[in-house]
Amino acid sequence: MWPGDHGTGAEWSEVLPGVAWRVDVERTAALHSLNNDVTVLVDTATEERFVARRPRPRTADRLGVLRREETIVLAAAAAAELTPAPIASTEEGVLLTPFITTPSPWTGAGWTGVGASRGHDLIRRLLACPPPAGVPSTTERVDRMLDGVEDPTRFGFDVGRLRVTLAAVHAERSADRRYEPCLTHHDLWANNVIDDGDRLWLVDYEFAGAGDGWFDLATVVSDAGLDRQQTIRFLQAVGRAGDRADLRALAQGTWLFHVFEMLWGAIMAEQGEQRNLAGDRFDYAGHARRIAGGLSAMGPPVR
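Attention here is on the structure that accompanies the text. Just so it is clear, the model here is predicted, and its values are computed rather than measured.

In this structure, Tyr 205, Leu 217 and Phe 234 are the most contacted members of the largest nonpolar core, which totals 36 residues. If you list the elements that add at least two residues to this core, you get α3 (67-79), α4 (116-127), β6 (182-184), β8 (200-202), α7 (214-224), α8 (228-237) and α9 (244-270). Considering every element that reaches this core, the biggest residue donor is α7, with five residues. Ignoring anything within four residues of it in the chain, the contact list for Leu 217 reads Ile 123, Leu 127, Phe 234, Leu 235, Val 238, Arg 240 and Leu 250. Of all hydrophobic cores here, the second largest spans 35 residues; its members include Leu 34, Phe 155, Phe 157 and Phe 207.

Put into structure tokens, the structure is as follows:
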């Protein structure tokens, strides 16, 4: 299904047998996912709403997403009250979660200015969440995506060189013991933060794993468009020192984040015509090439 084709709700009966569903077409039309089909369902007996997700064929495999790992991460995130506990899930990646009503969407601007403390609190809780066993590290997550690109030359990057730098970044990050390992989300854009008017929830854990948090922090810095001084203040607000060593670690997290985005764009382009979160056509191949060019100009963030 794609926007405009939401079904009737009957096709979700295998998720919770005995429940009669109908589709909330208006709310479903407002949701967009690039890797999955997402539907807002209504339990006709209780009028309670849920979000149902069904992965699109092949995309998850090429992105290195394993559903058993996602299940482990979701349990850890729910226990830490970072995300609502799932209602039901299947080995195929079908997922049913509570629908959270939000008075207004969270945006990149939310990480700074008035109300930013709630965003900082969410990140502090994520950084404090111990990583569950049996999930990939940040560098393992990126390495899997390297395997998912069929023709790297089309996008202007060399897999061998990237893996050499990836190994060097992994070695330096592993040697940095200043902060405890934590659960890492690996997709911490504002569209994955839900504001219920009281607290913030972090959703969509397909790419999550274990790490030191710098990938997620780099994503927020990019999403919010922070300059150097704003970045230092932000790092201090979420419990990091904001010193030279932190800025170096953040640079490595930024490199990893950009490589991830490049590989994701390349894989999406190889899947055929894709649309962005607004449902519009988007040049994912060009997106991947632009990032590849930027990475070449940036240079490797290792000694």
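Packing of α8 against α9 brings their axes to within 11 Å, and their N-to-C directions diverge by 100 degrees. Overall, the two elements α8 and α9 adopt an arrangement that is roughly perpendicular. Contacts between α8 and α9 pair Arg 228, Thr 231, Ile 232 and Leu 235 from the former with Asp 246, Leu 247 and Leu 250 from the latter. Residues belonging to the contact of α8 with α9 are distributed by class as follows: four nonpolar, one polar and two charged.

What follows concerns the state of the cysteines. In the structure shown here, the tally under the stated rule is zero disulfides. Cysteine Cys 129 is unpaired, with the sulfur of Cys 182 as its nearest cysteine sulfur at 8.2 Å.

Here we take up the pairing of strand β5 (residues 95-98). Bridge count between strand β3 (residues 49-55) and β5: four bridges; the pairing is antiparallel. Bridging across to β5, Phe 50 finds its partner in Pro 98. Relative to β5, strand β4 (residues 88-89) runs antiparallel, the two sharing two bridges. Bridged to Ser 89 within β5 is Leu 95. Here β4 folds back onto β5, and the loop between the two strands holds five residues, one of which, Gly 93, carries a positive phi near 95 degrees.

So, about the packing of aromatic side chains. How two aromatic rings sit relative to each other is set out by the distance from centre to centre and by the angle between their planes. Applying the stated criterion across every chain, the model contains nine aromatic pairs. Note on Trp 21 and Phe 50: the rings are 5.6 Å apart at their centroids and 80 degrees apart in plane angle, and the pair reads as edge-to-face. Linking Trp 21 in strand β1 (residues 21-23) with Phe 50 in strand β3, this pair joins segments that are 29 residues apart in sequence. On the accessibility criterion, Trp 21 (9% relative accessible area) is buried. When the centroid spacing of 4.7 Å and the interplanar angle of 65 degrees are considered together, the rings of Phe 282 and Tyr 284 count as edge-to-face. By way of ring pairs, the aromatic residues Trp 189, Phe 207, Phe 215, Phe 257 and Phe 260 are connected into one cluster. In this arrangement the basic side chain of Arg 54 is found over the ring face of Trp 12, its NZ or CZ atom lying 4.2 Å from the centre.

Take the pattern of salt bridges next. On inspection of all chains with the given rule, the structure shows 19 salt bridges. Note that Arg 62 and Glu 270 form a salt bridge whose closest N and O atoms lie 2.3 Å from each other. Within this pair, whereas Arg 62 is found in helix α2 (residues 59-62), its partner Glu 270 is found in helix α9, the two being separated by 208 residues in sequence. Take Arg 62 and Glu 270: they sit in the same class, and that class is buried. A salt bridge links Arg 67 to Glu 206, with the nearest nitrogen and oxygen atoms 3.1 Å apart. Here Arg 67, found in helix α3, pairs with Glu 206, found in the loop between β8 and β9 (209-211); they are 139 residues apart in sequence, far enough to count as distant. Residue Glu 206 is classed as buried on the basis of its relative accessible area, which comes to 3%.

Reading guide: rules and limits
Residues numbered from 1 in each chain as written. Predicted model: local features only at pLDDT ≥ 70, side-chain atom pairs only at ≥ 80, totals over all residues. Heavy atoms only, no water. Core = buried A, V, L, I, M, F, W, Y, C linked by side-chain atoms within 4.5 Å. Buried < 20%, exposed > 50% of the residue type's maximum accessible area, 1.4 Å probe, protein only. Helix = DSSP H or I, 4+ residues; strand = E, 2+ residues; numbered from the N terminus. Contact = heavy atoms within 4.5 Å. Axes fitted to C-alpha atoms, helices over the stretch in contact; angles between N-to-C directions. Parallel < 35°, antiparallel > 145°, perpendicular 65-115°, else oblique. Nonpolar A, V, L, I, M, F, W, Y, C, P; charged D, E, K, R; others polar. Disulfide = S-S within 2.5 Å. Pairing = 2+ DSSP bridges. Phe/Tyr/Trp six-rings, centres within 6.5 Å; stacked < 30°, edge-to-face > 60°. Lys NZ or Arg CZ within 6 Å of the ring centre and 35° of its normal. Salt bridge = Lys/Arg side-chain N within 4 Å of Asp/Glu carboxyl O.

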